[in-house]
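Spelled out from the first residue to the last, the chains are:
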Amino acid sequence: MSNEPCLLTPSQTVGPYFTLGLTPTRDETGFGPLITNEIRGDGEPITIRGKVFDGAGVPVNDAMLEIVQADGNGRLDAPEFPGFARAGTGEAADNSYTFKTVKPGPLGGDQAPYICMIVFMRGMLLHACTRIYFADESANPNDPVFSRLPADRRETLLARRVETADAVSYEFDIHMQGERETVFFSLADAI
Amino acid sequence: MSGKRQSAHPPYTYRDYKSSILRGPARDPVDLGELEAKQSSGAGVESRASLAGRFRPGELDHDLTRNARRGGEPLGERIVVSGRVLDESGSPIPDALIEIWQANAGGRYLHKADDHDAPIDPNFLGAGRNVTDREGRYRFLTIQPGAYPWKNHHNAWRPRHIHFSVIGESLAGRLVTQMYFPGDPLLDLDPIFHAVPAAARGRLIAHFDLGLTQPEFALGYHFDIVVAGSGATPRDDHGSGAG
Ligand SMILES: [Fe+3]
């Protein structure tokens, strides 16, 4: 069977009501979340927390974030490791998002560890992809992607480590516009 | 990036869609493929991660007429929505997760942020999900959604639509979109629909399909979804392959 080349289906916004289908909370009818804000697997347990700011510096209360990552050993295909999670802003009073995951290991070569993040929200007609690098990693300056970004914009991809007595968390804010606009990537084949 | 790919998607900011102005990134995205092509470290997570086949929806998740019943049937016109998920070469994408959400027949979402003065249907949640089969095919049974007002401009109404999220094998193919219905007079007036380049808009409109229509039961609509492939070289750059 020969396949005909096809034209891409255009993107549209997730709109304000995506929680209904993408981040539902379970009610008595039983339809609950299929994808949560948690990833369990090998590696150091960490929490990632932050806010999404619009061009006026206001925290967005209806953004959806997805993360894709390797486990602590740098594996993307470990059994029982989905490497994928999703969280919305707007549940927490301060409009922050939270992921509970493990710190990824590097994939190999010169790559530093990082997490891929996809940003969706009402008002975005097309999602945007970024990467979360860890500010405490010495491999960052040699990472082939991080090191090739304009020096004054690299910092937008750094998550800051915060240690308390019993937990490790990283803070990572996203700025859609302005002086601190987060670096977003086009995956060459996507956009 | 080829022009064909560029022209499918709406821009990040679109004047007539007011909330895009402060929310879409202002700077051009950095081409990740170009950065990675120069390195010897191997491909990154974006091109190596594979997400297909990792999700297992529940048995009734694809049937929105049954997945939230509280002792009665949802009101409205039952519809079957079905189609295939393909990549640009026309190859089916099996095991892709499709999640949908929509308003009820009266144009109301079961969502705390929806203050439209239309009735809530106690037997309709408006959310469903399914995975594609080996031929990339998916199927939902649901209720024809109603049009609803929004506050973008005076007398603004969204055309009837169903929101779709698609997670296939590649991250490049991640897609969130909306499916519209043929003949809807509101399409001509909708800035979200119009933000899509004119040549690509028609791909967002489902086709009425008598073959999918079930006698004495439900109208059928056909909606195919084409997503970017798994990092393979675009077909149009290399002529037609053996395909
Ligand atoms: Fe909607």
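Conventions adopted
Residues numbered from 1 in each chain as written. Chains lettered and ligands numbered in written order. Predicted model: local features only at pLDDT ≥ 70, side-chain atom pairs only at ≥ 80, totals over all residues. Heavy atoms only, no water. Core = buried A, V, L, I, M, F, W, Y, C linked by side-chain atoms within 4.5 Å. Buried < 20%, exposed > 50% of the residue type's maximum accessible area, 1.4 Å probe, protein only. Helix = DSSP H or I, 4+ residues; strand = E, 2+ residues; numbered from the N terminus. Contact = heavy atoms within 4.5 Å. Donors = N, O, S within 2.8 Å, 3.2 Å for Na, K, Ca; no water. Patch = residues over 30% accessible without salt bridge, like charges linked within 9 Å, V, L, I, M, F, W, Y side chains within 5 Å. Areas by Shrake-Rupley, 256 points an atom, 1.4 Å probe, with all protein chains shown as cover. Salt bridge = Lys/Arg side-chain N within 4 Å of Asp/Glu carboxyl O. 1 Å grid on protein atoms, 1.4 Å probe; cavity = no way out; pocket = protein on both sides within 12 Å on 5 of 7 lines; lining within 4 Å. Points joined across faces, edges and corners; volume = space filled by probe spheres on them. Nonpolar A, V, L, I, M, F, W, Y, C, P; charged D, E, K, R; others polar. pLDDT = per-residue confidence, 0-100. Pairing = 2+ DSSP bridges. Axes fitted to C-alpha atoms, helices over the stretch in contact; angles between N-to-C directions. Buried area = accessible area lost by both parts, 1.4 Å probe. Phe/Tyr/Trp six-rings, centres within 6.5 Å; stacked < 30°, edge-to-face > 60°.

**Some remarks on the nonpolar core**
Within soluble globular proteins, side chains that are nonpolar generally end up buried alongside one another. Core analysis: the biggest nonpolar cluster contains 52 residues, and Val68 and Phe185 of chain A together with Val45 and Trp101 of chain B have the highest contact counts within it. At the level of elements, strand S3 (63–68), strand S6 (114–121) and strand S7 (128–134) of chain A together with helix H2 (32–37) and strand S3 (97–102) of chain B are the ones that each hand at least two residues to this core. For this core, the element with the most residues is S6 of chain A, which contributes four residues. If near-sequence neighbours (up to four positions away) are discounted, Val68 of chain A is found in contact with Gly83, Phe84, Ile115 and Cys116 of chain A together with Val45, Ala49, Leu51 and Leu171 of chain B. Core analysis: the second largest hydrophobic core is formed by 32 residues, Ala78, Ile115, Phe134 and Phe184 of chain A among them.

**Some thoughts on the coordination of the iron ion**
Residues and elements named next belong to chain B. Bound to the iron ion on the protein side are Tyr109 (OH), Tyr148 (OH), His161 (NE2) and His163 (NE2), at distances that span 2.0 to 2.1 Å. Here the donor residues for the iron ion map to a single chain with the spacing Y-x38-Y-x12-H-x1-H. A residue pair is termed long-range when its members are at least 10 positions apart, and Tyr148 in strand S6 (residues 148–150) and His163 in strand S8 (residues 161–167) qualify at 15 residues. Taking the relative accessible area as the measure of exposure, His163 reaches 2% and is therefore buried.

**Regarding a nonpolar patch on the surface**
All names here are of chain B. A grouping of Phe208, Leu210 and Leu219 is seen on the molecular surface, where their side chains present a nonpolar patch of about 300 Å² in accessible area. Looking at the element boundaries, Leu219 is found in strand S11 (residues 219–222). Since its relative accessible area comes to 31%, Leu219 is described here as partly exposed.

**What about the layout of surface pockets?**
Residue and element names in this part refer to chain A. Counted as a void, the largest pocket has a volume near 590 Å³. Around the largest pocket, the lining comprises 23 residues; the ones closest to its centre are Thr19, Thr23, Pro24, Thr25 and Glu91. Among the elements of the structure, strand S4 (84–88) and strand S5 (97–102) are those that each provide at least two residues to the lining of the largest pocket. With three residues, S4 is the largest single contributor of residues to the lining of the largest pocket. Looking at side-chain class alone, the lining of the largest pocket contains 10 nonpolar, nine polar and four charged residues.

**Some thoughts on the confidence of the model for chain B**
Residues and elements named next belong to chain B. Model confidence for chain B is summarised by a mean pLDDT of 91, while 91% of its residues fall at 70 or above. Within the model, pLDDT remains below 50 along residues 1–5, and this stretch shows 16 contacts once partners closer than five positions in the same chain are excluded. Scored below 50 in pLDDT, residues 232–243 shows 14 contacts in the model against residues more than four places distant or in partner chains. The complex prediction reports pTM at 0.94, with the ipTM value standing at 0.95.

**Points about the sheet that holds S3 of chain B**
Residues and elements named next belong to chain B. What the four strands build is an open sheet, ordered S4-S3-S8-S9; its pairing is antiparallel. Looking at which strands have only one partner, the edges of the open sheet turn out to be strand S4 (127–131) and strand S9 (175–180). Put simply, the sheet's adjacent strands are angled 20° from each other on average, direction ignored. Examined bridge by bridge, S3 and S4 share five bridges and lie antiparallel to one another. Among the inter-strand pairings, Glu99 is bridged to a residue of S4, identified as Arg129.

**Quick notes on the interface of chain B and chain A**
Many descriptions give the size of an interface as the accessible area lost when the pieces come together. Taken together, the contacts link 99 residues of chain B with 84 residues of chain A. Carbon and sulfur atoms make up 60% of the surface buried where chain B meets chain A, a total of about 7,800 Å² over both sides. On the chain B side of the contact with chain A, Tyr12, Arg23 and Arg27 of chain B bury the most area, a combined 10% of that side's loss. Counting the contacts that link chain B with chain A gives six salt bridges.

**Some remarks on the environment of Asp95 of chain B**
Residue and element names in this part refer to chain B. Locating Asp95 in the fold gives a position in the loop between strand S2 (78–87) and S3. Between the alpha carbons of Asp95 and Gly168 there is a distance of 7.1 Å; along the sequence they are 73 residues apart. Residues contacting Asp95, with those up to four places away along its chain left out, are Ala52, Gly53, Thr132 and Asp133.

**Quick look at the packing of aromatic side chains**
According to the stated counting rule, one finds 16 aromatic pairs over all chains in the structure shown. Members of the aromatic cluster, each reached through a chain of ring pairs, are Tyr138, Phe140, Phe164 and Phe223 of chain B.

**Things to note about the pattern of salt bridges**
Enumeration over the complete set of coordinates arrives at 24 salt bridges over all chains. Residue Asp62 of chain A pairs with Arg23 of chain B through a salt bridge whose shortest N-O separation is 2.9 Å. Highlighted residues: Asp62 of chain A in the loop between strand S2 (52–53) and S3 and Arg23 of chain B in the loop between helix H1 (3–6) and strand S1 (30–31), drawn from two different chains. Judged by relative accessible area, Asp62 of chain A falls into the buried class, the value being 9%. The class of Arg23 of chain B is buried, set by a relative accessible area of 8%. Measuring nitrogen to oxygen at the nearest pair gives 3.2 Å for the salt bridge that ties Arg131 of chain A to Glu36 of chain B. One end of the pair, Arg131 of chain A, is in strand S7; the other, Glu36 of chain B, is in helix H2, on a second chain. Take Arg131 of chain A and Glu36 of chain B: they sit in the same class, and that class is buried. Three or more residues are tied together by salt bridges with common partners; here these are Glu44, Lys103, Asp136, Glu137, Arg161 and Glu163 of chain A.

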